[in-house]
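Listed below, chain by chain, are the residues.
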Amino acid sequence: MVEENLSPADISRNLKTDFIGKKVIAYPSLSSTNDIAKSEAKKGAREGTVILAEEQTAGRGRLKRAWLSPKGSIALSIILHPTPAQLPSLIMVASLAVAHCIEKVSGLETQIKWPNDVLIKGKKACGILIESDVRGSAVDYAVIGIGINVNLLPADFPEIAATATSLAQELGREISRREMIRCLLVEAEKLYLALPEGDSVFREWRDRLVTLGKEVELISGKTSYKGVAESVANDGSLLLRQPDGNLIKIVAGDVSLRQ
Ligand code: BT5
């Protein structure tokens, strides 16, 4: 392996951010960085605090699905205090930060798949889980959880071998997780701070979505929809043109692209 365990100082030293990553709490092993981030947020952790784990033993995806994050992955969570209006944009901030940094650090091309995956050559290299606590009309806190397959080989894990990839698998060599994490924190802050300035983050996210213009099958809750993924709204929901011509708006779901 290129690196041993990462220390908070490795991440924070001379980091070019104002608040994200100024405080990093690192663990060799954790159940889920999102769970610890949520409990730190409840205890009043300041905005930008990052929870990092070398491995997760109970990493979570959406809808209680498991997220595999053995040693060699990146598993981190960032605590933020967005406004209610910014909440739906956090998935855009996170996926663009990951796409920018994979491209910058490894030179690999990425695709963003609605709503929360970053792919390389059509396979999943990263998953993002945003969780928040909203009280009345105020957001108490939000947590952006990011898992990236960096220096692991999906072939070693039968559950994901067919659908996942990693940076090491695509490059044929390991890369620096430290460099990738530092890049992610800088990019995430830049994109987050750009949110109040207009819709540039939304437009870049929309334009990078590999899902748009394709025939898709979409499962949302217990319902399955077929149609063409026509566009996205600026709250992040997908606009699906059904075969009967109806356009429906879907807030969350799983998409598979049809051949
Ligand atoms: C996600 O859910 O993709 C969100 C994953 C978020 C993980 C981060 S790691 C830091 C933070 N702490 C946490 O506990 N979670 C966050 P979803 O779209 O529901 O996809 C889950 C599905 O992805 C699983 O059912 C598997 O099929 C697949 N999967 C699991 N582990 C994977 C991996 N390492 N690489 C690629 N695919 C994986």
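Here we summarise the structure given alongside this text.

What counts as what
- Residues numbered from 1 in each chain as written.
- Predicted model: local features only at pLDDT ≥ 70, side-chain atom pairs only at ≥ 80, totals over all residues.
- Heavy atoms only, no water.
- Axes fitted to C-alpha atoms, helices over the stretch in contact; angles between N-to-C directions.
- Helix = DSSP H or I, 4+ residues; strand = E, 2+ residues; numbered from the N terminus.
- Left-handed = near helix turned anticlockwise from the far one by under 90°.
- Contact = heavy atoms within 4.5 Å.
- Nonpolar A, V, L, I, M, F, W, Y, C, P; charged D, E, K, R; others polar.
- Salt bridge = Lys/Arg side-chain N within 4 Å of Asp/Glu carboxyl O.
- Buried < 20%, exposed > 50% of the residue type's maximum accessible area, 1.4 Å probe, protein only.
- Pairing = 2+ DSSP bridges.

A closer look at the packing of helix H3 (residues 90-106) against helix H6 (residues 200-208)
Packing of H3 against H6 brings their axes to within 10 Å, and their N-to-C directions diverge by 65 degrees. When the axes of H3 and H6 are compared, the crossing they make is left-handed. Residues Met-92, Val-93, Ser-95, Leu-96, Ala-99, His-100 and Glu-103 of H3 lie in contact with H6, whose contacting residues are Val-201, Phe-202, Glu-204, Trp-205 and Arg-208. Looking at the contact of H3 with H6 residue by residue, the classes come out as seven nonpolar, two polar and three charged.

Some points on the pattern of salt bridges
Charged atoms that come close allow side chains of opposite charge to pair. Throughout the structure, instances matching the rule amount to 16 salt bridges. Ionic pairing is found between Arg-208 and Glu-103, a salt bridge with its closest N-O pair at 3.1 Å. Highlighted residues: Arg-208 in helix H6 and Glu-103 in helix H3, separated in sequence by 105 residues. Looking at Arg-208, the relative accessible area reads 25%, which means it is partly exposed. Measuring nitrogen to oxygen at the nearest pair gives 3.3 Å for the salt bridge that ties Lys-249 to Asp-235.

What to know about the sheet that holds strand S1 (residues 24-30)
Read across the sheet, seven strands follow the order S1-S2-S3-S7-S6-S5-S4 without closing on themselves; strand pairing throughout is mixed. Only two strands of the sheet have a single partner each, and these edge strands are S1 and strand S4 (111-113). Strand-to-strand twist in this sheet, taken as the mean axis angle between neighbours without regard to direction, amounts to 20 degrees. Relative to strand S6 (residues 123-135), strand S5 (residues 117-120) is paired through four bridges, and the arrangement is antiparallel. Following the sheet pairing, Ile-120 is matched in S6 by Lys-123.

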